[in-house]
Amino acid sequence: MEPRSRCAAPGGVSVSAVLPAGGSGERLGGATPKQFCAVQGRPLVSYAVRAMERISWISDIIVVVSPENIETMKTIIEKYGHKRVTVVKGGITRHRSIFNGLKVFAENEFSSHLLQKPEVVIIHDAVRPFVEEDIVSKVVMAAKEHGAAGAIRPLVSTVIASATDGCLDHSLERARYRASEMPQAFLFDIIYEAYQQCTDYDLDYGTECLHLALKYCKTNAKLVEGTADLWKVTYKRDLYAAESIIKDNLSQQVCVITSGKETLAQVGFLLPESLKSQIKVEAISISPSKNDSRLQSIISGQCYNFVCVNDKRCAIQETQELVDMLEKSNIALLYPVVLISVYLDISENNSFSIGVEDLSTIKKFARETKKKNILVYGLLIQYK
């Protein structure tokens, strides 16, 4: 198999990611492991995979799941159009699962093909869905320099130790300690060597990857201050919190689509510039073709708001193509999609008015798309 093309990460290193997703979710309760629980109709693990997918310089994403969930994970990948993802069978513990994920780059028996070994590998929990590129970039850069790095957060509660009789033995000075979070990143050779040397006890009872790099490779990890959204879904209440955050994010993102024409491209630049201080804006200059990979990627990322700028009196065909893409993606099954079709009038005729026939066509089109939970609005702008 041909090696996948790589985009240069910060620092010019090649990067891949391993996402352990083999937990049973005992603390969550219920029969479904938390990584496969639906949040807004989509499995939690899909959000974490999507977060890594959005980072173009991550070459391969390895998702490690328990043997009984391999087919479930493959179905999720196919349904939500995930790319660059390889599913690997996990072990009986977290460390053994991560080790299996790393072996995909070094041992043929763990994959149908040997993936190209990255210089830096990211390890990130599949139940931490809100990681952003900025913190991933920071830990990768720190790992390149120090050999290992990990995100940290201040402790919320004081940590205490109990004596054998159940009474307080001592407490830790909270200001001196931090909570270890994800993502973490390592020079691949360091973390792989650490796992190769790891004792069965550490593989079965350990949970901290940074500790393995220190214990077995004498590598002191650089600690990177993380953001508040790095938290891990552990209990049922966390699922409700995740759903609330995702709902909020849906209303805070818009995709602005323009063609390559100079005037439209100018408006396509000015509109995102005016909006970006309030919401997250993706601006692309294309025709909404079914074959455009970037638009497909934005839709698969569950963007629910679109603005199409064109200079045609009745651009129903182009709008219909976008509606077809949205319908095929199934995102409108969960929540309404808002599509604003902007007609940009650049003519010299100041008394322009849309024809009755055109208006009737647009209204009919909007009524039909509303049945699909896609709300189409029209807007006329005279641009001089």
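Nothing here was measured: the structure is a model prediction, and the numbers come from that model. (Residues numbered from 1 in each chain as written. Predicted model: local features only at pLDDT ≥ 70, side-chain atom pairs only at ≥ 80, totals over all residues. Heavy atoms only, no water.)

1. Re the sheet that holds strand 5 (residues 85–89)
Reasoning step 1: Taken in spatial order, the seven strands make up an open sheet running 5-4-1-6-10-7-11, and their pairing is mixed. In this open sheet, the two edge strands, each paired with only one partner strand, are strand 5 and strand 11 (222–225). Between one strand axis and the next, the sheet turns through 25° on average, direction left out of account.
Reasoning step 2: Relative to strand 4 (residues 58–65), strand 1 (residues 15–20) runs parallel, the two being bridged by five bridges. Of the residues in strand 4, the one forming a bridge with Val 18 is Ile 62.
Reasoning step 3: On top of the sheet, helix 2 (residues 70–79) reaches strand 4 and strand 5; it is set at about 170° to strand 5, its chief contact.
Reasoning step 4: Set on the sheet, helix 3 (residues 94–103) makes contact with strand 1, strand 4, strand 5, strand 6 (120–123) and strand 10 (178–187); between it and strand 1 the angle comes to about 145°. (Pairing = 2+ DSSP bridges. Helix = DSSP H or I, 4+ residues; strand = E, 2+ residues; numbered from the N terminus. Axes fitted to C-alpha atoms, helices over the stretch in contact; angles between N-to-C directions. Contact = heavy atoms within 4.5 Å.)

2. So, the environment of Phe 99
Reasoning step 1: Looking at the element boundaries, Phe 99 is found in helix 3.
Reasoning step 2: Note: C-alpha distance between Phe 99 and Tyr 195 (96 residues apart in sequence) is 6.3 Å.
Reasoning step 3: Setting aside anything within four residues of it in sequence, one finds Phe 99 in contact with Tyr 192, Tyr 195 and Gln 196.

3. Some remarks on the pattern of salt bridges
Reasoning step 1: Applying the stated criterion across every chain, the model contains eleven salt bridges.
Reasoning step 2: Salt-bridge contacts for Arg 50 lead to Glu 53; the nearest nitrogen and oxygen are separated by 3.7 Å. Of this pair, Arg 50 and Glu 53 both sit in helix 1 (residues 44–53), three residues apart, which is roughly one turn of that helix. When sorted by exposure, Arg 50 lands in the same class as Glu 53, which is buried.
Reasoning step 3: The residue Asp 134 makes a salt bridge to Lys 138 at a minimum N-O spacing of 3.4 Å. With Asp 134 and Lys 138 both in helix 4 (residues 133–146), this residue pair falls four residues apart, about one helical turn.
Reasoning step 4: Assessed through its relative accessible area of 42%, Lys 138 is described here as partly exposed.
Reasoning step 5: If you follow the salt bridges from partner to partner, you end up with Arg 94, Asp 125, Arg 128 and Glu 181 in one network. (Salt bridge = Lys/Arg side-chain N within 4 Å of Asp/Glu carboxyl O. Buried < 20%, exposed > 50% of the residue type's maximum accessible area, 1.4 Å probe, protein only.)

4. What about helix 5 (residues 188–197)?
Reasoning step 1: Among the residues of helix 5, Phe 188, Ile 190, Ile 191, Tyr 192, Ala 194 and Tyr 195 are the ones counted as buried.
Reasoning step 2: Here the buried face of helix 5 lies against helix 3, strand 6, strand 10, helix 6 (200–205) and helix 7 (209–217).

5. Considerations on unusual backbone geometry
Reasoning step 1: The peptide bond linking Met 182 to Pro 183 adopts the cis configuration, its omega dihedral lying at 10°.
Reasoning step 2: Mapped onto the elements of the fold, Pro 183 is located in strand 10.
Reasoning step 3: A positive phi is found at Lys 218, a non-glycine position, where the angle reads about 55°.
Reasoning step 4: Relative to the helices and strands, Lys 218 resides in the loop between helix 7 and strand 11.
Reasoning step 5: Residue Asn 373 is not a glycine yet carries a positive backbone phi of 70°.
Reasoning step 6: Of note, Asn 373 is situated in the loop between helix 12 (356–370) and strand 16 (374–382).

6. Description of the confidence of the model for the protein chain
Reasoning step 1: Of the residues in the protein chain, 84% reach a pLDDT of 70 or more, and the chain-wide mean stands at 84.
Reasoning step 2: In the model, residues 1–5 has pLDDT below 50 throughout and makes seven contacts with residues more than four positions away in sequence or in other chains. (pLDDT = per-residue confidence, 0-100.)

7. A look at the packing of aromatic side chains
Reasoning step 1: According to the stated counting rule, one finds six aromatic pairs in the structure shown.
Reasoning step 2: Ring geometry for Phe 130 and Trp 231: centres 5.8 Å apart, planes at 45°, overall tilted. Highlighted residues: Phe 130 in the loop between strand 6 and helix 4 and Trp 231 in the loop between strand 11 and helix 8 (236–250), separated in sequence by 101 residues.
Reasoning step 3: Summarising the aromatic geometry, the rings of Phe 188 and Tyr 192 are spaced 5.4 Å apart at their centres and angled 15° between planes, so their arrangement reads as stacked. Separated by four residues within a single helix, Phe 188 and Tyr 192 lie in helix 5, roughly one turn from each other.
Reasoning step 4: Linked through ring pairs, Phe 99, Phe 105, Phe 188, Tyr 192 and Tyr 195 together constitute an aromatic cluster.
Reasoning step 5: The residue whose ring lies beneath Arg 42 is Tyr 47, and the NZ or CZ to ring-centre distance is 5.6 Å.
Reasoning step 6: Between the NZ or CZ atom of Lys 103 and the centre of the ring of Phe 99, over which it lies, the distance is 4.2 Å. (Phe/Tyr/Trp six-rings, centres within 6.5 Å; stacked < 30°, edge-to-face > 60°. Lys NZ or Arg CZ within 6 Å of the ring centre and 35° of its normal.)

8. Details of the side chain of Asp 125
Reasoning step 1: If you trace the backbone, Asp 125 turns up in the loop between strand 6 and helix 4.
Reasoning step 2: Accessibility expressed as a relative area gives 4% for Asp 125, which makes it buried.
Reasoning step 3: A polar atom in the side chain of Asp 125 sits 2.6 Å from the side chain of Arg 94.
Reasoning step 4: In this structure, Asp 125 is in contact with Pro 20, Ala 48, Arg 94, Met 182 and Lys 232, ignoring residues within four places of it in sequence. (Polar contact = N/O pair within 3.5 Å; in protein donor to acceptor, adjacent residues only side chain to side chain.)

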